[in-house]
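Report on the structure
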Amino acid sequence: MRKAAVLLLTILFFSFGCTDFDDKLNVQIRVQNSTEIMLAKVSIDTLEYSAIDAGNKTAYKLKDDFLPISQIIVATDSLVIPVTIDNIQQDTLLPGRYTYKINTFSAADGLQFEVIED
């Protein structure tokens, strides 16, 4: 009986140790390029991502705070489009993972994106 209890406690210890519990305590953001062109640089406030091929996603990066996003800048070799988000009613971000999906990026259509909570 004692061996079974020790085995059970060991399994529980390792199962809790292997979970991503800290992912629920902070904000992590990544970028998904859903356009047909390579994005040279994407800045979301202070987070910077570079060389995102068409159809690819970046790794998550940790945001230092829970403040709402105020600016997104997307650039290719020949075009830069900054977007300032000035929605005064925007709440703070909840802890978790978010994907900023870039749907459209062109001189004619501008920048269109959506935020997906993962």
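Here goes a summary of the coordinates provided. (Residues numbered from 1 in each chain as written. Predicted model: local features only at pLDDT ≥ 70, side-chain atom pairs only at ≥ 80, totals over all residues. Heavy atoms only, no water.)

1. Digging into the overall build of the protein
Looking only at helices and strands, the protein has one helix and eight strands in total. The N-to-C order of helical and strand elements in the protein reads α-β-β-β-β-β-β-β-β. Split by element, the accessible area of the protein, about 8100 Å² in all, is 57% carbon and sulfur. (Helix = DSSP H or I, 4+ residues; strand = E, 2+ residues; numbered from the N terminus. Areas by Shrake-Rupley, 256 points an atom, 1.4 Å probe, with all protein chains shown as cover.)

2. A short note on the packing of aromatic side chains
Scanning the model with the defined rule gives one aromatic pair in all. Plain terms: the ring middles of Y100 and F113 are 6.1 Å apart, the flat faces sit at 25 degrees to each other, and that makes the pair stacked. Of this pair, Y100 sits in strand β7 (residues 96–106) while F113 sits in strand β8 (residues 110–117), placing them 13 residues apart in sequence. Its end group placed over the ring of Y49, K61 keeps NZ or CZ at 4.9 Å from the ring centre. The ring of Y60 carries R97 above its face, with NZ or CZ at 4.3 Å from the centroid. (Phe/Tyr/Trp six-rings, centres within 6.5 Å; stacked < 30°, edge-to-face > 60°. Lys NZ or Arg CZ within 6 Å of the ring centre and 35° of its normal.)

3. Re the sheet that holds strand β4 (residues 61–63)
Within the open sheet, the four strands sit side by side as β4-β1-β7-β8. Their pairing is mixed. The open sheet has two edge strands with one neighbour each: β4 and β8. On average, each strand axis in the sheet is tilted by 30 degrees relative to the strand beside it, whichever way the strands run. Sheet topology note: the strand β1 (residues 27–33)/β4 ladder contains three bridges and is antiparallel. (Pairing = 2+ DSSP bridges. Axes fitted to C-alpha atoms, helices over the stretch in contact; angles between N-to-C directions.)

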